[in-house]
Amino acid sequence: TLGIKLQQFMPSVEDRGKFEDSLAPELPLGSPGTLRLVLQDNSKTDVHADLFYVPFPALDGERRYYVGIREFEHQPVADLPQFAQKQRRAPSLGNRVACSG
């Protein structure tokens, strides 16, 4: 996806605006920032993400950004289907007897 702007993966006009405002030229070089937004993949699936960034001067003198993206779940962990399924399969510890040797 070389040459595609990250904003093209942001379905929300509000998120695109927050993203563009946060990367404003008046942000001091080396000042890190973070945003919480929704990205969308090629199949139009929403991905809730934290975006971390820090501006730095490139060798050509232009302003560049290191950007990291971390996906997060919008639901509490206990409500996630994977977690609930594991909880149902976990053995009960209430009927076990400890043995000493």
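Rules behind the numbers
Residues numbered from 1 in each chain as written. Predicted model: local features only at pLDDT ≥ 70, side-chain atom pairs only at ≥ 80, totals over all residues. Heavy atoms only, no water. Pairing = 2+ DSSP bridges. Helix = DSSP H or I, 4+ residues; strand = E, 2+ residues; numbered from the N terminus. Buried < 20%, exposed > 50% of the residue type's maximum accessible area, 1.4 Å probe, protein only. Salt bridge = Lys/Arg side-chain N within 4 Å of Asp/Glu carboxyl O.

In terms of strand pairing, strand β1 (residues 33–40) meets strand β2 (residues 46–57) through 8 bridges, oriented antiparallel. Counterpart to L37 in the pairing with β2 is A49. Counted along the chain from β1 to the antiparallel partner β2, the turn is 5 residues long, and its residue K44 has a positive phi close to 65°. Pairing analysis gives 9 bridges linking β2 to strand β3 (residues 63–71), with the strands arranged antiparallel.

Further remarks concern unusual backbone geometry. The phi dihedral of K44 is positive, around 65°, even though this residue is not glycine. Mapped onto the elements of the fold, K44 is located in the loop between β1 and β2. Since its relative accessible area comes to 60%, K44 is described here as exposed.

With that settled, the discussion passes to the pattern of salt bridges. The tally for this structure, following the rule as stated, stands at 4 salt bridges. As a salt-bridge pair, R36 and D50 come within 2.8 Å of each other at their nearest N and O atoms. Here R36 is found in strand β1, whereas its partner D50 is found in strand β2, with 14 residues between them in sequence. Owing to a relative accessible area of 5%, D50 belongs among the buried residues under this scheme. For R70, the salt bridge goes to D50, with nearest N and O atoms at 2.8 Å. Here the residue R70 occupies a position in strand β3, and D50 occupies one in strand β2, the gap between them amounting to 20 residues. Assessed through its relative accessible area of 45%, R70 is described here as partly exposed. Here the salt bridges do not stand alone but share partners, grouping R36, D50 and R70 into one network.

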